[in-house]
Structure formats: structure tokens, C-alpha cells
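So you can see what is in the structure, the chains are spelled out below.
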Amino acid sequence: MPLSVEDLSASQRAKYFATSLVLRGLIGSLKLIPYRWRVPVMGWILRKIAPIAGFHKRVRRNLVYTRPDLSAAEIETLCHQVADNVGRTLAELYAGDPFWARAKAAPIHGPGLAALEQARAEGRPVVLVTGHFGNYDAARSKLVQMGFNMGSLYRRMANPYYNDYYVKAISATGKPMFEQGKRGMVEMVRHLKSGGNIAIVADMHAQGGQYLPFFGRPALTSTVPAELALKYKAAFIPVYGIRQPNGLDFEVILSEEIPHSDAVTMTQAVCDDLERHVRAHMGQWFWVHRRWKPMEDTPQPDSLQP
């Protein structure tokens, strides 16, 4: 992945620069629309773009692989719901104050909330884990506005022209932000050691991870969040920002703190908890991800027909 413009060839620079201009232009034009309409409009745009971009094909393959009980009609409905949630999430990412106000007003509950508040009172660090589900940034914004010392790990965008714009947007919700990589890990560990909280989106295919069951299929999953919790004696709590039926508001849920045992057992508990919530709100998880990739003697989504 290129780290700077200097790492790009002339053709790559032209491509990435043009893409950045288009994306920033689209986001800027959407800001001219009132927030309560802007978010659903972006959802509508993604629903129209998704079939052309191949998103529906990926969603169908993943659902056929993990939920063979679903009918073709149910899968088609989920394709549109997933695209709509992705579009709304993109609009919210760059919305600023209107989105933060919605997050601040979100009800927050769950057994993990008491554990989080107790950790704060004791000066104990916390590793919060979530997934690409609902709008995970709504949960982070809610906790930041409640006064929790939140740091977050993020993955650098491949487009260096767009990356700065993206980082500025996600940093506006709250700092510090830690870029995935050696330097970011050092900074994140320093934050944990000082008694801070970190939020990690932990549902991506992760090289170097462990194959763990997710929706009944082996998915390569990072155990790093659990390892950090164990090493720095941090509370380990799943958190979610679930989109409400009106498409604009959220409910923030903190599941029960996962007890310390070993990294694989704790990570499996995260997978199981996320799966439970996703099954209750199937259209809110990013089924477009390549979450399941080839494993020996295991049929994979990309080998199945949509």
C-alpha cells in the first residue's frame, strides 16, 4: 500500500488524484442537502451503485456460504439493505455536528457499561472491540461525548490523496487516532499503559490471525485485541452502534465484559457476540467484505455461484 504520493507512478498519481477529486466533490455536494435528507440520499445512491460495482455479487456469495437457509428473495432484500447502510455510514462519517448530535442522543445500555464505568473509576485501561456493523463510529462518538478517553485504531486508505481527508474526518470525532502499523501500535500501547481506552474494529480477514468459526464457517481472525487486553490487564468489552428503524438514530450497546482466559477463547467470544447481534440486524453488517477466504478443503464464497 502506498504511503505517500512519492511512492506512486505517474499513472497511479493521476488515477488516485482524480478519484479523490470525485469523492470529495460528491461529499461536498451532499453537504448542501439538509442532514435528515442527506443520509438517506447517500443510502439510495449506494443502492444504485452497488450492483454495478459488484457489491451485490459479493454479498450474495457470502450469504449463500453462511446462510443457506435464506431464500433468494431474502438475500436480494439484504443486498439492498447492506448497500443502504454503507451509504448512510459514509454520509455520516463526513457530517460532523449533525451526526455527533445523533450519537450523543443515542440511548446506551448493556452489562458492559457498568464494567466500562468501573474501569474508568479504577484507572484501568479498556479494549473495546466492535465490527463493521450499524455505524461503529456512533458508539465511539457517544463514548467520547460521555468523557471516556477514547483512542482508535484505523487502517490507512490506499489513496494517499484521499487519506488525509479521511483521517481528518475520523479524527474530528475524537483523538488520539492510531494508524495500523508499527508506529501506531507503539502509540496505542502507550495510551493503554496510561489507563486509556482503545476501540478496534475486529471483524476483517487478518493475515497472521487464527481461523475461528463465524456464522459456522472458518474466518481468519486477529487475536491482537485480546492479546493487548491480556498483556495490559485491560477490560475487554464488545460495543456496537446499531442503526434504528428511522435510519438516522442509533442505540449503543455494550455487551458483557469478556473474562480474561486466553487470546483464542476471548476472540471467539467476540466473534460469537458479534454474530448474535448481526443475526438480529442482518442488513447492518458489511457483508461486502471478503471475510471468508480460502482454507484447505473448505468451500469458499468466491467458488460459489451467485
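Higher on the page you've got the structure.
Just so we're clear, the structure is a prediction, and the values are computed from it rather than from any experiment.

Peer 1: Got a minute to help me understand helix H3 (residues 55–66) in this structure?
Peer 2: Think of an α-helix as turning once every 3.6 residues; residues three or four places apart then point the same way. Between its first and last C-alpha atoms H3 spans 17 Å; for twelve residues at 1.5 Å apiece the expected length is 16 Å, and the two agree. In this fold, the buried residues of H3 make contact with helix H2 (35–53), helix H4 (72–93) and strand S7 (217–221).

Peer 1: Where do I start with unusual backbone geometry in this structure?
Peer 2: Trans is the prevailing form of peptide bonds, just as negative phi is the prevailing case for residues other than glycine. Although it is not a glycine, Phe-215 adopts a positive phi angle of roughly 55°. Within the secondary structure, Phe-215 sits in the loop between strand S6 (210–214) and S7. For Lys-233, which is not glycine, the phi torsion reads 55° and is therefore positive. Structurally, Lys-233 is set in the loop between helix H10 (224–231) and strand S8 (235–243). On the basis of relative accessible area, Lys-233 is assigned to the exposed category, the value being 60%.

Peer 1: How should the packing of aromatic side chains be read in this particular structure?
Peer 2: Any two aromatic rings considered together are summarised by their centre-to-centre distance and by the angle between their planes. For the structure on display, the rule yields ten aromatic pairs. Here the aromatic rings of Phe-214 and Trp-285 are separated by 5.5 Å at their centres, their planes lie at 65°, and the arrangement is edge-to-face. Pair noted here: Phe-214 is in strand S6 and Trp-285 is in the segment after helix H11 (263–280), with a separation of 71 residues, a long-range link. The same class applies to Phe-214 as to Trp-285, namely buried. Centre to centre, the rings of Trp-285 and Trp-287 are 4.9 Å apart; their planes meet at 90°, and the pair counts as edge-to-face. Using a relative accessible area of 0% as the deciding quantity, one classes Trp-287 as buried. An aromatic cluster is present here, built from Tyr-65, Phe-214, Phe-215, Trp-285, Trp-287 and Trp-292 joined pairwise through their rings. Lying over the aromatic face of Phe-148, Arg-120 brings its terminal NZ or CZ to 3.8 Å of the ring centre.

Cut-offs applied
Residues numbered from 1 in each chain as written. Predicted model: local features only at pLDDT ≥ 70, side-chain atom pairs only at ≥ 80, totals over all residues. Heavy atoms only, no water. Helix = DSSP H or I, 4+ residues; strand = E, 2+ residues; numbered from the N terminus. Expected span 1.5 Å × (residues − 1). Contact = heavy atoms within 4.5 Å. Buried < 20%, exposed > 50% of the residue type's maximum accessible area, 1.4 Å probe, protein only. Phe/Tyr/Trp six-rings, centres within 6.5 Å; stacked < 30°, edge-to-face > 60°. Lys NZ or Arg CZ within 6 Å of the ring centre and 35° of its normal.

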